[in-house]
Each structure stands twice: as C-alpha cells, then as structure tokens.
Amino acid sequence: MSYTSPGVQHPAVDTADGTGSGAGDRAWGPESALPRPEDRPSGAEVAVWLLRIPPSAAAAAARAGMLDARESERAARFRDGILRERYVASHVGLRVLLGAYLGIDPAEVELIRELCGMPDCDKPHGRPAVAGEPGLRFSLSHAEDAAMYAFADAPVGADIEARNARRGGTVLAGLIRQLHADERAAIEVLPEALHEEAFLSCWVRKEAYLKGIGTGLPGGLRTHHVGLADHLAPPGSATPPGWSLADVPAPPGYAAAVALRTDDTPAVRPVVSALRL
C-alpha cells in the first residue's frame, strides 16, 4: 500500500543511486544494474529489490530452465496460468539476484531450508538459504504483480502485500482481532478511515518478522508485537528484542516491510532498487 495520509510523511529510505526516495521511479524504485559480489549488504543495510512481474514474465519464462527440480515441480503444479507466471518470474528473479551477489551462474545456486524456528520442531522447513553461504541471507515475498527481495548478512525477513478494497467492515475487524493486544489498541485509537492502512502496515511487519525468525505464521500473530508503520504507531512503540523493522516504500496498491536481526547494530536501513529481467 503506497498511499500516505494527508500531512504524513514516510521516513526517508535510501535508493540505490544514492539520491534518496524522492528520485527515480517513485513507484518501483530506480532501475539498477545487477549487483556484484562486492555489493553484498552488511551491518544494518538491507538491499531491497522490487520486481514488477508482468513486464518481465516473458523473459522469466524463457529463463525458467535455471530453476531447480523442486522449483520446476512446484511451478508445474499451478493450474492457473497467471499464478504459475508469478511464481516463475519471482523465483527466476531470486536466482538472478543471488547469482549476481555470489558471482556464479543463477542455475548453480543451491537453495536449502534451515531448521524450523519453532522451539518444538527440528524439521528443515525454516528460512530458505543458500548452501554454504551463511554470510548472504535473503527473503522473498510476492503478491499479485509484485515480488520483493531482501538481502542482508544477518537473518532477514520481507513481506509485500496487496491492498484489497474488500478488506473492510467485519472482515477487517476479524483480521485486526488476530493481532497482538497492543497492536489492536493502537489501531482502535486511529480514525476509522486509517484502520485498513494501519492493519496492513502491521501485517507486513508481522510476516517479515516471523519469516525472519524462521517460523512463518505458525510463530504466532498474537504472540509477537511488531507495531504499526512508523507514521501510524504511537510514541514508544516497541519491536522484538534484537530485531529492527523498517517500512519499505511500496508501489501503488501495496504495503511492504523488512525485519533484520540487528542485535546491537543500528536500526535497519533499506536500500531499494528495481529489478527488470
């Protein structure tokens, strides 16, 4: 979701060309050359890439041979052509970026799953990772025509969601009830016209964090407090210890956020670029 309430300014976020969030393509970020191995993010930096899927769908389909057997099998299971197209494009984009950061052919990237982050589970269905590359962490999220990638040198989670005009009334109220009690209270004190924006801003932060810790949604929507977007959150709103969250400027109709395990390092700093396949 990209709209801003009157009189509210989103915090500044760097763009890859160093000119700040007011320059370049405001919707999808400045289109940049593919990264090099020396461009790997470090410390509090998270490299965020946005892909608008439809213009890249044909190119992605032509390069789908780079997907591994598991990815290809999953793509083939989609009966809906649009859903298959979105899956292929987002995963080709991931491999293209990982290959660029690693300096290898995208088809040679070996993807694995870390152990689940749930305390009572030791199965390998946690965070996705690159085999043998603990210094390059990533997270992929896609929603409708958008895919978002986050890269860092520490555990990271990313989420992008599409705004839904039908998400209102009792449907919205039911979704809000799934959140942490303090998040629900923070939404309730806002004008009703901002409830959907506030909910979606919280949801993307929640999913980003739960992906970052390796549990996904089973980790508990009510358990962890991540707060609302900075321009909607009450003063002093806390985030999980050892983690930093940041709202990412999203294309029209979307909301996005990233979560980074920072421990004692400064707050997370997203650097946004546009990817074109």
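Refer to the structure printed above.
Residues numbered from 1 in each chain as written. Predicted model: local features only at pLDDT ≥ 70, side-chain atom pairs only at ≥ 80, totals over all residues. Heavy atoms only, no water.

A. Focus on the nonpolar core. Among the nonpolar cores identified, the biggest contains 29 residues, and Trp 49, Val 92, Leu 94, Leu 98, Tyr 149 and Phe 151 are the most heavily contacted of them. Those elements giving two or more residues to this core turn out to be β2 (45-52), α1 (53-62), α3 (81-102), β5 (137-143) and β6 (146-152). Broken down by element, this core gets its largest block of residues, 10 residues, from α3. In this structure Tyr 149 touches Ala 47, Val 48, Trp 49, Leu 51, Ala 89, Ser 90, Gly 93, Leu 94, Leu 97, Ser 139, Leu 140 and Leu 275, once residues within four positions along its chain are discounted. Grouped together as the second largest cluster of nonpolar side chains are 24 residues, Val 46, Ala 152, Ala 158 and Ala 246 included. (Core = buried A, V, L, I, M, F, W, Y, C linked by side-chain atoms within 4.5 Å. Buried < 20%, exposed > 50% of the residue type's maximum accessible area, 1.4 Å probe, protein only. Helix = DSSP H or I, 4+ residues; strand = E, 2+ residues; numbered from the N terminus. Contact = heavy atoms within 4.5 Å.)

B. Here's a closer look at the environment of Arg 95. Position of Arg 95 relative to the elements: it lies in helix α3. Exposure remark for Arg 95: the relative accessible area of 0% places this residue in the buried category. Arg 95 sits 14 residues away from Val 109 along the chain, and the two C-alpha atoms are 6.9 Å apart. Here Arg 95 is in contact with Met 66, Leu 67, Asp 68, Glu 71, Pro 106, Ala 107, Val 109 and Leu 111, once residues within four sequence places are set aside.

C. Broad picture of the packing of aromatic side chains. A complete count under the given rule lists five aromatic pairs for this structure. Ring plane angle 45° and centroid distance 4.9 Å describe the contact between Tyr 101 and Phe 151, whose orientation is recorded as tilted. Pair noted here: Tyr 101 is in helix α3 and Phe 151 is in strand β6, with a separation of 50 residues, a long-range link. Taken as a pair, Tyr 101 and Phe 151 share a single burial class, namely buried. Arranged with centres 5.4 Å apart and planes meeting at 85°, the rings of Tyr 209 and Trp 243 form a pair that is edge-to-face. Placement of Tyr 209 in helix α6 (residues 195-212) and of Trp 243 in strand β8 (residues 243-248) is noted, with a sequence separation of 34 residues between them. The exposure classification of Tyr 209 matches that of Trp 243, with both residues buried. (Phe/Tyr/Trp six-rings, centres within 6.5 Å; stacked < 30°, edge-to-face > 60°.)

D. The pattern of salt bridges, seen in detail. Using the criterion set out here, one finds 12 salt bridges in the structure. The residue Glu 133 makes a salt bridge to Arg 40 at a minimum N-O spacing of 3.2 Å. With Glu 133 in the loop between β4 (128-130) and β5 and Arg 40 in the loop between β1 (14-15) and β2, this pair connects stretches of sequence that are 93 residues apart. Accessibility expressed as a relative area gives 28% for Arg 40, which makes it partly exposed. Among the ionic pairs, Glu 45 bridges to Arg 269, the shortest N-O distance being 3.5 Å. A residue pair is termed long-range when its members are at least 10 positions apart, and Glu 45 in strand β2 and Arg 269 in strand β10 (residues 269-275) qualify at 224 residues. Take Glu 45: its relative accessible area is 22%, and that puts it in the partly exposed class. (Salt bridge = Lys/Arg side-chain N within 4 Å of Asp/Glu carboxyl O.)

E. Broad picture of the packing of α1 against α3. Their axes nearest at 9 Å, the elements α1 and α3 cross at an angle of 80°. Considering the angle they form, α1 stands roughly perpendicular to α3. Only Glu 85, Arg 86, Val 88, Ala 89 and Val 92 of α3 make contact with α1, whose side of the interface consists of Ile 53, Ala 57, Ala 60 and Ala 61. When grouped by side-chain class, the residues that make up the contact of α1 with α3 number seven nonpolar, no polar and two charged. (Axes fitted to C-alpha atoms, helices over the stretch in contact; angles between N-to-C directions. Parallel < 35°, antiparallel > 145°, perpendicular 65-115°, else oblique. Nonpolar A, V, L, I, M, F, W, Y, C, P; charged D, E, K, R; others polar.)

F. Quick peek at unusual backbone geometry. With phi around 50°, Glu 144 is a residue other than glycine that occupies positive phi space. Among the structural elements, Glu 144 can be located in the loop between β5 and β6.

G. A look at the pairing of strand β9 (residues 254-261). Of all the eight residues making up β9, seven are buried; the element is thus mostly covered by neighbouring parts of the structure. Inspection of the sheet shows strand β7 (residues 156-162) paired to β9 by seven bridges, in the antiparallel sense. Across the sheet, residue Gly 157 finds its bridge partner in β9, namely Ala 259. Of the strand pairs in this sheet, β8 and β9 are connected by six bridges, and their pairing is antiparallel. (Pairing = 2+ DSSP bridges.)

H. Region of interest: the sheet that holds β9. Ordered in space as β7-β9-β8, the three strands form an open sheet in which the pairing is antiparallel. This sheet does not close on itself; its edge strands, each paired only once, are β7 and β8. Each strand of the sheet is rotated relative to its neighbour by a mean of 15°, with strand direction disregarded. Set on the sheet, α6 makes contact with β7, β8 and β9; between it and β7 the angle comes to about 145°.

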